[in-house]
Amino acid sequence: MHQYHQALKDVLKYGAHATDRTGTGTISHFGLQCRYHMADGFPLVTTKKLHLKSIIHELLWFLAGDTNIKYLKDNGVSIWDEWADENGDLGPVYGQQWRRFPKLEKTDEMKDGEPLFKAGSVDQIVDLVDAIKNTPDSRRLIVSAWNPAEVPDMALPPCHTLWQVRINDGKLHLQLYQRSADMFLGVPFNIASYALLLHMLAHVTGYEAGDFIHAIGDAHIYSNHMEQVETQLARTPKALPQLRIKRQVSSIFDFTYDDFEIIGYDPDPGIRAPVAV
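Reading the values: the criteria
Residues numbered from 1 in each chain as written. Predicted model: local features only at pLDDT ≥ 70, side-chain atom pairs only at ≥ 80, totals over all residues. Heavy atoms only, no water. Salt bridge = Lys/Arg side-chain N within 4 Å of Asp/Glu carboxyl O. Helix = DSSP H or I, 4+ residues; strand = E, 2+ residues; numbered from the N terminus. Buried < 20%, exposed > 50% of the residue type's maximum accessible area, 1.4 Å probe, protein only. 1 Å grid on protein atoms, 1.4 Å probe; cavity = no way out; pocket = protein on both sides within 12 Å on 5 of 7 lines; lining within 4 Å. Points joined across faces, edges and corners; volume = space filled by probe spheres on them. Nonpolar A, V, L, I, M, F, W, Y, C, P; charged D, E, K, R; others polar. Axes fitted to C-alpha atoms, helices over the stretch in contact; angles between N-to-C directions. Parallel < 35°, antiparallel > 145°, perpendicular 65-115°, else oblique. Left-handed = near helix turned anticlockwise from the far one by under 90°. Contact = heavy atoms within 4.5 Å.

A word on the pattern of salt bridges. Under the counting rule described, the total for this entry stands at 8 salt bridges. Across the pair Arg-35 and Asp-211 runs a salt bridge, and its minimum N-O distance is 2.9 Å. Note that Arg-35 is positioned in strand 2 (residues 26-37) and Asp-211 in strand 8 (residues 208-222), a separation of 176 residues in sequence. Classification of Arg-35 by relative accessible area gives partly exposed; the value is 41%. In this structure, Lys-70 engages Asp-74 in a salt bridge whose closest nitrogen and oxygen atoms are separated by 2.7 Å.

Summed over the entire model, instances satisfying the criterion amount to 1 cavity of 30 Å³ or more. The calculated volume of the largest cavity comes to roughly 40 Å³. Phe-42, Leu-52, Ile-55, Ile-56, Leu-196, Leu-243, Phe-260 and Ile-262 are the residues that line the largest cavity. Breaking the lining of the largest cavity down by element, the ones donating at least two residues are helix 2 (52-63) and strand 10 (260-263). Each residue belonging to the lining of the largest cavity can be placed in one class, and the counts come to 8 nonpolar, no polar and no charged.

Now for the packing of helix 5 (residues 124-134) against helix 6 (residues 186-205). Contact geometry of helix 5 with helix 6 gives a least axis separation of 10 Å together with a crossing angle of 50°. As judged from the angle between their axes, helix 5 and helix 6 are oblique. For helix 5 against helix 6, the interelement crossing comes out right-handed. Across from Leu-128, Val-129, Ile-132 and Lys-133 in helix 5, the residues of helix 6 making contact are Leu-201, Val-204 and Thr-205. Counted by class, the contact of helix 5 with helix 6 contains 5 nonpolar, 1 polar and 1 charged residues.

Geometry only, nothing functional implied.
This is the structure we're talking about:
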């Protein structure tokens, strides 16, 4: 994970002090890109321990189209607690946009000479998998979580806003555009989550796992994370672990938590830091 360490160093070197929505204050650098080769191992940060349960269950929750934290809470995951309302709802966040992106559908009915429309939706994940299988040379293999009409209703507008798949030379590659990135707490989770998604998509479509490319807009380190970042950068990255999918899964929606095994993950101890809400 030398790429991640270098990204932290770049923010410290080139970033500028900036204000932010949370009132915490950051060092912010605009525009970063890192590439992680799945052939080198599964990109889990090794210079601090990550909570694998949270990473895996959150991704399964996204893919299920869920926007209530009950599933996460039932599985010991608390990373969304600060943003949920009293009923556990988050509004139309990732799960809804991935699986039920709103659209208007024309009906056969007319009024005053004009067609009437009804509310419908697009399942972007179903469409993506079908397109990978049927038109693998497409440059339109894109899933968007950014819906301007519904951003005001979201507890937290999507930080990882859009991702694109590309099939090239028998490998499935995935690039994420992330508009805002908490480099210390959030980014290690984001890297692992989308690398896992890449492996899952490759598995169900019959391709080799290729590269994860992480493009970041606002890359920032919070002012109350500086000591933690220095602690992490003083550590030396270790060999990456391997991901094993234990059984043959035919549908992207049929994966369970127990299908994944991380082999050889030997991280340094965790480093605690406050979450900016």
